[in-house]
Amino acid sequence: MPVVQFEVVWPDGKTEACYSPSSVIKEHFSVGKDYPLNEFLATSETALNAASNRVRERFGYACSSAMDQLGVIKTRCASYETTPNASVKVTRFID
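Keep in mind the model is a prediction, meaning the values are calculated, not measured. (Residues numbered from 1 in each chain as written. Predicted model: local features only at pLDDT ≥ 70, side-chain atom pairs only at ≥ 80, totals over all residues. Heavy atoms only, no water.)

A. Expanded view of the side chain of Glu16. In this fold, Glu16 is placed in strand E2 (residues 15-20). Classification of Glu16 by relative accessible area gives buried; the value is 15%. (Helix = DSSP H or I, 4+ residues; strand = E, 2+ residues; numbered from the N terminus. Buried < 20%, exposed > 50% of the residue type's maximum accessible area, 1.4 Å probe, protein only.)

B. Looking closely at the sheet that holds strand E4 (residues 87-94). Pairing is antiparallel across the open sheet formed by four strands, whose spatial order is E2-E1-E4-E3. Pairing within the sheet leaves two strands with one partner each, and these edge strands are E2 and strand E3 (34-36). Averaged over all adjacent pairs, the angle separating strand axes in this sheet is 35°, with direction ignored. Examined bridge by bridge, strand E1 (residues 4-9) and E2 share six bridges and lie antiparallel to one another. What sits directly across from Val8, in E2, is Glu16. Contacts from helix H1 (residues 37-59) reach E1, E2, E3 and E4, with the element oriented near 105° to E3. (Pairing = 2+ DSSP bridges. Axes fitted to C-alpha atoms, helices over the stretch in contact; angles between N-to-C directions. Contact = heavy atoms within 4.5 Å.)

C. Quick peek at the nonpolar core. Counting residues in hydrophobic clusters, the biggest one holds 22 residues, and the most contacted among them are Phe6, Val8, Trp10, Phe29, Phe40 and Ile73. For this core, the secondary structure elements donating two or more residues are E1, H1, helix H2 (64-79) and E4. Of all the elements, H1 adds the most residues to this core, at five residues. Phe29 has contacts with Phe6, Tyr35, Phe40, Thr43, Ser44, Ala47, Val90 and Phe93, leaving out every residue within four places of it along the chain. (Core = buried A, V, L, I, M, F, W, Y, C linked by side-chain atoms within 4.5 Å.)

D. Looking closely at the pairing of E2. Side chains Glu16, Cys18 and Ser20 project from E2 onto a buried face, and the interleaved Thr15, Ala17 and Tyr19 project onto a face without burial. Hairpin connection from E1 to E2: five residues lie between these consecutive antiparallel strands, with Gly13 at a positive phi of about 90°.

E. Examining the side chain of Gln69 more closely. Within the element layout of this structure, Gln69 appears in helix H2. By relative accessible area, Gln69 is classed as buried at 11%.

In structure tokens, the structure reads:
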């Protein structure tokens, strides 16, 4: 199962590489697109759950690293909730 990182730029300009255990993440995000904060969070949740489910289908257990990454994303998103027009940009996939 190919691990893929997806690089994002947060509303404050900080760049972060996020982990996905599956390339299914590429079906949910588009490189170069700015996502409103709530949309980024919802898409991350959908995509990382799908990635974890792929691990479950293949190996018989969910991917705790995907869920850990989702937790980090939730925490980061919460810290920008009061930022006007906050958005997150997906800048690239790292295979």
